[in-house]
Structure formats: structure tokens, C-alpha cells
Amino acid sequence: MMQHRALLHTICYRSGAPFQTNAVLPEITVDIRPAAALPYFTITQTDGKTALRYELARHDRVYGLGEQLGGLNKRGKMYRTYNTDISPHQPHIETLYGSHPFLFITGERGFGFFLDYPSEMMFDISHTHKDILEITIPSQDFDLYLFDVSEPKQIVREYLTLTGSPYIPPKWAFGYQQCRYSYPDAETVQAIATKFRELDIPCDAIGMDIDYMVNYKVFTLDDDKFPKFAEFVAQMKTNGFRLVPILDAGVKVEPGYAIYDEGKANDYFCKDEQGEDFVAAVWPGLCHFPDFLREEVRAWWGKQYRFFTDQGIEGFWNDMNEPAIFYVPEKMKQAREKIYAILSKDDIGRELTEVGDTMELFNRREYFKAFSQRADDGRVVNHDAVHNLYAFDMTRGTAEQLKLAMPGTRYFLLSRGSYAGLHRFSGIWTGDNSSWWEHLEVNIHMLISLNFAGFFYTGADTGGFGAEVSPELMIRWMQLGMFSPLFRNHTWYGSRQQEPWSFDPETTAILRDVLRLRYAMIPYAYSEYMRAVRELRPFIAPLFFEFSGERSQQVEDQFLYGESLMIAPVYTPNARGRFVHLPESRWLRWNASRCEDRAMTVMQPDDYYVSADIHEVPMFLRENRLCVLAEPMSHVHEQPIRKLTVLGFVTNAAEFVYYEDDGASYGYRDGQCAELTIRARKTAAGIEVSCEKCEHGYALQISELACEFYDEHGKQFRSSVTL
Ligand code: GLC
């Protein structure tokens, strides 16, 4: 199934002796040419730095950079690649937790490129000058992979051929996940789980945030809070809930604590300028940081997850791995002295403003320059030069060892920090956003951009992490979250409760319907996700990937969800509708609220204002396309799906390939799956359906189809098929 096309249009332009990041698949070979031969760009190299300059045509659009704030088209802003733990995500922020230096240009001339360089780069995209794209690299050692094709789909395919197939999580991870910082003990987790089942709201996983640990020490579990953990995990699983613990990168400095002792004894930690183990503070207080650049350290780290997998845990989220640093002891000492000096005065005026500056202790660049790592070839490198690889290597080590610890079972893994290429090992979430309407909008752009970069399994903290969510924002965000492969509601300890029942009865009812609709769509989403991975094209795509019209090139707030559906989320407060562009073909509008509802309208291609009451999500089924729905369940594996409803907008002929596998193993890699090709054809007598079953070492569970087709007049045709 996972056959890749050859890389026909990719050339690597090399400058100097770049650090090998492992973003590119080791088995791939591409032509390597000197950077001086690079087409399109003007390249200037002086004082150990590089500037790449490209003149944009007036209507060129620039896409990419994965996890970044701002528009989908990146023109008009400065961006940086330097993984940073930063919150709140204010609009001017130039870098977040992940660095994905893959971009493409479309317009007068189209091409794409991936700058494989693991530290800070600046991307001035029509910011300083409206028609110039200027990239500055503080080095002359980098690889630039040029994808010399103009079609965005093909550029993405080249990039994903180079860097690998997107991660496929277990199927339960397509269910909904409930999280909070924190549900601190088993009793609370149990109460949350019970409530979901009592209220008949679907859910598959509950996140365990840092309070489950003993004093925030990674790979520990507080037995008082979670007694008989293995039993608890098993009991939760019986009820259809996976528990997903968080793991942080910093290791508390504490002799007698096994992880610290082992890391110390084996010399696994990053070194400071004196050659001592580097010390900085994160949640547990002073910590050391594993040197994940080394294979041996990655393996050691990854093996620690057995502490959990041995107790039945199947999923994890790796956090604080940019890495996040609260302070280093010396900086804290200076800050303290300065503050004491200011506060010990009686007459304080302007000096008070210095207190704020002095307290800017978090994640300072100088910390990252103050320690070093050792590569496998023995080379010592300053951490700053390979900064963006820290999370990549931590999560790579985790993934490699989870594969061994859970033989034959797909692991679930998220990482906060990331670098290009991590998409083949893990999903990512987009960090500490806020309960702001603006972040709901940005979530749409990020979903699309991250899909370009291969992060198909991604999503934001639905409802927002920081700040306080309103019921309306919660509803609208859940209505978007239901289309994110990773659909997780998460918030911090200081905010109001964000579980679906935390607002008012009407909101609970709406959110239940949203979640039921999500679950009803999992057969469609899973089929399309697997197809997108197989074909190396975004699962969530912008309109311009499919439609050539001028308006389709501009739309940033609608997206294709798989190949049949287009979604137009509502992301502004108090709106009871929104403008929507319907490109090229006719569309069947389905303002869904409940998965059982059918208020279908045929619409001609054009621009419209469509209504969307608080409980409605504007969805559109494409002409001559089908989509499948199942009965929603309380969790993904509650029971096998035997019956599907096929929804279709058929004016001529349509086809959909429904895909099934066991959802748990790696069998799909050897082709163990079943496919059901459903074909619908309009004839004088009505709409005919035919099916073709294809089973390879896996028996299709579906035995019945209930078809509901609509033609160009909105006339409904029903039929059923027994397989
Ligand atoms: C970080 C994570 C957040 C988590 C918190 C506590 O801020 O991004 O998701 O809840 O740490 O662990």
C-alpha cells in the first residue's frame, strides 16, 4: 500500500557541510549540486551567513512553514524557525513550537523548496518589501531541496516522498479526547469518564497532565493519586477510554531518582560550557536535559515508556521539548538581586518597569547557546545550532522504542515541539493557544499548512488552552475540531471547566450532536485519511488544490475534508451565517447539526451568504461525490460497523472507496485491508448503485448500505444494498 513514486523533480542544492538532520528519509537519493547553481534565488554569502532572495510577482502566493500564525498565504509577515515555548500566541509572534521550513510559491512561476537547516532562519515574506521573499540563514551550511514543479499537489507529493509518509495513529485516535491541566487523580478521571457515558457523549481518550507524576518527575506516577494503575487502565479500556499521559523532556536533578541516576551514570545529559551536566528549570525545578542527538540516549529514553506500556498505556504526549526552559540558576540569581535592589528602595518610580524586564526569564536564547550536545560521530555541537531537532529526536526515540514495546499495535503519540520529517513518527498539537475567536480562525490556516508539511494527524487545543472560553466559542470551536484528525479539548488549570457539559443544557445538547456527527463520519474520515497517506496529498486541503478559479485561489477559511466534502466553519462571534465560495461544480449544502438531519439544498457555483445557526456547521457535498456515515458510537471500537449510510450528490456518476482495516495493527502495511468501491450512476429510471468488494487478509465488516442520493434538482433517491 505504501508505494512511493520516484522523486523526479527534486534536486538538493548544498552549501558547505550541513548537519544531517534526518528529516529526509535515509533511503532517498537525490542529485546534489552546489548551492551556487541554485535557480530562482539570488544567493549572497558573506561573514558566514547566507541570504536567499526571490522576487515575487504581484499575484504570487506563498504557502507553507507548517505551524505558524497568520494567514494561509504567508505574504506580509516575518517568520522565524526557532522552536519556542511561547504563549499567548499574539499575532506578531514569529515562531511557535515547530519548525517546518517547507514552502511553495504559486502564481506566475510555481516551485517549492525545503531548507533543511535545524536552527534559526528568518523568512521575510513580503514584509519588509512587498514583492520580495528574503530568507536569512546565519550559516553557510545547509541543504536546500528544490521541487521544480509548479503544481502545488505535486510539490507536496515530492516533499512527502523526500521526508516520508505521514503517521497513521490507531483508529481510536480518530475519536474525541478530553483533557485538562489536570485531572489530577484516578477519581477525577473516573468521574469524567462516567459523565461521558451517562450523558451519552462519545469519547475515546482522557489526557493525564503533569499532576499524575511525583513532583513532576518524568516517568514517575503518584500511587496515592493513581493506586493500582494497571487495573485502572484496564478498567478504563474496557469502558472504551484510553489514558494518555504527558511526558516532559527535563529530568529532575535528584540523586536517588532512577532516571536521574541512570542518565548521570551513563553521561546522557547535555553539557554546559564547563563540561558539567547543564542545569535549567522546568516544572520539577532544576533539571538536566537528555542529549537526544545520540542514538544511545534516544533508545534509553524510549525504553522508559515501558513503565507505562507495561501497565496497558498505548498513547503519550511529549511536551516541553523545544526544549522549554523557565530559567537557569545564574539568571535567576541576577534577577533576584536586581529586584531586591529595586524593591528595597522607598521611593520607586520608573525603576518599577524594570521589574518586568528583569523577570523575563523564560526561554531566553542565551540559555540555548549555553549547552552542547554530542552527535553520534562524536562531534560536539552547540545546542543552538541544532535547536530545532531536540523535539524531533526525543519523539523519534520515543516512536522507535514504542514500536518495540507494543509489537504489532500502533502507538498513539503527540509531540509539541517538532521539525520537518517528524510527521512520519508522530502527530503534533499546536500548543498553548487561547480561547480567542482569532485563534479559531488561525486554527483553520494551521490545519491546512500542517497538512502541506505532512502533519495530517494534528489539531489545536479545542476551546482554547489559555483564557476563558464562552459557550458560543466552545460550540464553534468544536464544530471545527470535529474535522481535525486530532480532536482534543484541552485547557489549563486556571480556566473554567471545558468539558461538553460545563456550560448550559442547550450547549451540552449541541456539543453532543457535534460529537455524534464526528463519530458518524469516522468511516469517511478514516477512508480518506488512509487514501491521503497512500497518495501523499493533504487530507485537509485548500480550495486551490482542486479548483482553478480566481476566487478559489484566495479563500483561506474553507477547506476540503477528504475529496467529497467542503467545510466552511463559522469563526466569528454572534454570527448566524457566513460568506461561502462554491467553486466550479454544483454543491449539495448540508447544514448539519445532528447526523440524522437532512436539510439538503442544491447550490450552483457562486458566492453566497449562508445561514448557520449556532448548532449548524456549513458543509457541502461535491457534485458527483459520495460520503459515508455510520451510526455514532460511544467510542470507536464499541462494536463493528455493519451498516453504512451512503450520502451522495449524483448528477451523473460518482464513486467512493470505503476503506477498512483492523484499526490497531500495522497489517495495512502489508496490504491487510478491505475496500468497498461504491458506485452510483444516474439513469433515466433513478440512481443505480453497484459495489465491488476487495478483501486482502482482512474481512470487510460492512454488510449493508442505506443509500440516500440527491440529484441536481434536490430530488432524493433511496435504496439499500445487502453485501
Ligand atoms: C504545557 C503544555 C500544555 C500542558 C501544560 C502542563 O503548557 O503545552 O498542554 O497542559 O504544559 O503540562
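What you see is a predicted model, and the numbers here were worked out from it, not measured in a lab.

Procedures and definitions
Residues numbered from 1 in each chain as written. Predicted model: local features only at pLDDT ≥ 70, side-chain atom pairs only at ≥ 80, totals over all residues. Heavy atoms only, no water. Helix = DSSP H or I, 4+ residues; strand = E, 2+ residues; numbered from the N terminus. Buried < 20%, exposed > 50% of the residue type's maximum accessible area, 1.4 Å probe, protein only. Near = heavy atom within 4 Å. Polar contact = N/O pair within 3.5 Å; in protein donor to acceptor, adjacent residues only side chain to side chain. Nonpolar A, V, L, I, M, F, W, Y, C, P; charged D, E, K, R; others polar. Domains from an automatic or database assignment. Contact = heavy atoms within 4.5 Å. Buried area = accessible area lost by both parts, 1.4 Å probe. Salt bridge = Lys/Arg side-chain N within 4 Å of Asp/Glu carboxyl O. Pairing = 2+ DSSP bridges. Axes fitted to C-alpha atoms, helices over the stretch in contact; angles between N-to-C directions.

A.B. asks: Talk me through unusual backbone geometry; I want residue IDs and the actual numbers.
C.D. replies: Geometrically, the link from S87 to P88 is a cis peptide bond, its omega value of -5 degrees lying close to zero. Its place among the elements puts P88 in the loop between β6 (77-80) and β7 (98-99). Cis geometry is found at the peptide bond from Y181 to S182, where omega equals -5 degrees. Mapped onto the secondary structure, S182 falls in the loop between β13 (176-178) and α2 (186-198). Positioned with a positive phi, L65 is a non-glycine residue whose angle comes to about 65 degrees. Relative to the assigned elements, L65 resides in the loop between β5 (61-64) and β6. Residue L65 is classed as buried on the basis of its relative accessible area of 2%. The phi angle at M320 is positive, at roughly 55 degrees, despite the residue not being glycine.

A.B. asks: Pulling in residues and values, what's your account of the site of the ligand?
C.D. replies: Taken together, 13 residues lie around the ligand, and D209, D319, R416, D432 and H490 are the ones closest in. A distance of 3.1 Å separates an oxygen atom of the ligand from a polar side-chain atom of D319. One of the side-chain nitrogen or oxygen atoms of H490 is found 2.9 Å away from an oxygen atom of the ligand. When grouped by side-chain class, the residues that make up the shell around the ligand number 8 nonpolar, 1 polar and 4 charged.

A.B. asks: Can you tell me about the domain arrangement of the chain, naming the residues and giving the values?
C.D. replies: According to the domain assignment, the chain contains domain 1 (10-65 + 101-163), domain 2 (171-327 + 362-503), domain 3 (527-621) and domain 4 (627-722). A C-alpha centroid distance of 30 Å is found between domain 1 and domain 2. Of the residues lining the interface, 22 residues belong to domain 1; the matching set on domain 2 comes to 23 residues. Here domain 1 packs against domain 2, burying approximately 1,700 Å² in sum over the two surfaces, 59% of which is carbon and sulfur. In this structure, the connection of domain 1 to domain 2 is made through 1 salt bridge. Across the domain 1-domain 2 interface, the total number found is 10 residue pairs in polar contact (both at pLDDT 80 or more). Mapped onto the side of domain 1 that touches domain 2, the elements with two or more residues apiece are β5, β8 (102-106), β9 (111-116) and α1 (152-163). Grouping the amino acids of the side of domain 1 that touches domain 2 by side-chain chemistry returns 15 nonpolar, 5 polar and 2 charged.

A.B. asks: Which residues make up the sheet that holds strand β38 (residues 643-649), and what values do they have?
C.D. replies: Spatial strand order, β37-β38-β42-β43: 4 strands in an open sheet with mixed pairing. Two strands lie at the open edges of the sheet, namely β37 (625-629) and β43 (716-722), each paired on one side alone. Between one strand axis and the next, the sheet turns by 20 degrees as a mean value, whatever way the strands run. As defined by bridge partners, β38 adjoins strand β42 (residues 704-710) across 7 bridges and the pair is classed as parallel. Along β42, the bridge assignment pairs F649 with Y710.

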